[in-house]
Amino acid sequence: EDENLDIDLLMQSVVEIIPSSLQNPDITAAKALVYGKQYKTVSHDETKWNIAAPIRSSGKKVGYLMVYLIHLPAVGTQKPFLPEEQDLIKGVCERLGKIIERIQANERLKEVEARYHLLTEKFSDGICIIQNNEYKFINSAFAQMAGVDEPENLIDRPYQDLVLKDFQDQYGAHLDMVQKNKNASHAIEYILNSKRGGEIWVEEKQNL
């Protein structure tokens, strides 16, 4: 999993990996259907010797994963699939649902960030987004205040990099208060350390 993972890459990787995890990898094929799009290992006709499990994302069924035998094993007494293999497929599908949720959330976040970036670049005020005490977005005006050439240079950096040490405890407590009271707007004054040297008094208004 990484930030560049998409559903197509995820599902194609899974159907290619799954057969090697089962007792008869040489005669096992896999296919999946997610949001109406099909993924499969190789072109084989489905057989009656198969097991499958649904893929659910955000509580809704969005597809399924199926593995099947191309033909029965040479040893006739051997069961086509073990109970542990059915459990494996179910477990994989549960994991897939969570990963798909995360991929979709990341895609929505990227879309919001792109729109937000276009909007905030028109403002002369410095604007930033802080999550988990790290800068996740800043506009050009804020980058200029912070004394950095490119806004990307501050992404994923802790707010302590810019907030003067004497104000860090107060600033951290302020962030906690904002998180707990999401329906209110808050403001705080502190000194920001510019990367080019010097200190700047800032009045920061925070909204959620």
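Let me begin by describing the structure that accompanies this report. Not measured: the values here are computed from a predicted model.

Along its 38 residues, helix H2 (residues 83-120) runs 55 Å from first to last C-alpha, staying within 8% of the 56 Å computed at 1.5 Å per residue. Those residues of H2 lying buried are Glu85, Ile89, Val92, Cys93, Leu96, Gly97, Ile99, Ile100, Ile103, Gln104 and Thr120. Looking at the buried side of H2, the elements it contacts are helix H1 (7-17), strand S1 (28-34), strand S3 (50-57), strand S4 (60-69) and strand S6 (134-138).

We now examine the pattern of salt bridges. Applying the stated rule across the entire model yields six salt bridges. Residues glutamate 46 and lysine 31 are paired through a salt bridge, measuring 2.4 Å at the closest nitrogen-oxygen approach. Of this pair, glutamate 46 sits in the loop between strand S2 (37-40) and S3 while lysine 31 sits in strand S1, and the two are 15 residues apart along the sequence. Take glutamate 46: its relative accessible area is 41%, and that puts it in the partly exposed class.

Within H1 the residues assigned to the buried category are Ile7, Leu10, Met11, Val14 and Val15. Seen from one end, H1 has its buried residues packed into an arc of 120°, which puts them on one side. Seen from the buried face of H1, the exposed residues on the opposite side, beyond 90 degrees, are Glu16 and Ile17. Next to the buried residues of H1 lie S1, S2, S3, S4 and H2. Of the residues that open H1, the one with a side-chain oxygen 3.3 Å from the backbone nitrogen of aspartate 8 is aspartate 6.

Looking now at the packing of H1 against H2. Interhelical geometry of H1 versus H2 gives an angle of 165° and a closest axis separation of 10 Å. Between H1 and H2, the angle falls in the class roughly antiparallel. For H1 against H2, the interelement crossing comes out right-handed. In contact with Ile7, Leu10, Met11 and Val14 of H1, H2 contributes Val92, Leu96, Ile99, Ile100, Ile103 and Gln104.

This part covers the environment of leucine 5. Counting through the fold element by element, leucine 5 comes out in the segment before H1. Classification of leucine 5 as buried rests on a relative accessible area of 17%. Note: C-alpha distance between leucine 5 and arginine 102 (97 residues apart in sequence) is 9.9 Å. Setting aside anything within four residues of it in sequence, one finds leucine 5 in contact with Leu10, Ile99 and Ile103.

On to unusual backbone geometry. Positive phi is not limited to glycine here, since serine 58 has a value of about 55°. Tracing the backbone shows serine 58 in the loop between S3 and S4. Residue asparagine 133 is not a glycine yet carries a positive backbone phi of 65°. For asparagine 133, the position within the fold is in the loop between strand S5 (128-131) and S6. For asparagine 133, a relative accessible area of 39% gives the class partly exposed.

With that settled, consider the pairing of strand S7 (residues 186-193). Pairing between S7 and strand S8 (residues 199-206): eight bridges, direction antiparallel. Across the sheet, the residue bridging to glutamate 189 is glutamate 203, located in S8. In this structure, the hairpin formed by S7 and S8 is closed by a connection of five residues, where glycine 197 is found at a positive phi of approximately 95°.

The tally for this structure, following the rule as stated, stands at four aromatic pairs. Aromatic side chains tyrosine 135 and phenylalanine 142 sit 5.7 Å apart centroid to centroid with 50° between the ring planes, which places their arrangement in the tilted category. Tyrosine 135 sits in the buried class, given a relative accessible area of 1%. The exposure class assigned to phenylalanine 142 is buried, which follows from its relative accessible area of 3%. Ring geometry for tyrosine 171 and tyrosine 190: centres 4.9 Å apart, planes at 70°, overall edge-to-face. Taken together, the residues tyrosine 171 in helix H4 (residues 165-180) and tyrosine 190 in strand S7 connect sequence positions 19 residues apart. Judged by relative accessible area, which is 0%, tyrosine 171 ranks as buried.

Thresholds applied
Residues numbered from 1 in each chain as written. Predicted model: local features only at pLDDT ≥ 70, side-chain atom pairs only at ≥ 80, totals over all residues. Heavy atoms only, no water. Helix = DSSP H or I, 4+ residues; strand = E, 2+ residues; numbered from the N terminus. Expected span 1.5 Å × (residues − 1). Buried < 20%, exposed > 50% of the residue type's maximum accessible area, 1.4 Å probe, protein only. Contact = heavy atoms within 4.5 Å. Salt bridge = Lys/Arg side-chain N within 4 Å of Asp/Glu carboxyl O. Arc of directions from axis to C-beta. Polar contact = N/O pair within 3.5 Å; in protein donor to acceptor, adjacent residues only side chain to side chain. Axes fitted to C-alpha atoms, helices over the stretch in contact; angles between N-to-C directions. Parallel < 35°, antiparallel > 145°, perpendicular 65-115°, else oblique. Left-handed = near helix turned anticlockwise from the far one by under 90°. Pairing = 2+ DSSP bridges. Phe/Tyr/Trp six-rings, centres within 6.5 Å; stacked < 30°, edge-to-face > 60°.

Remember that the coordinates give geometry; whether it matters functionally is a separate question.
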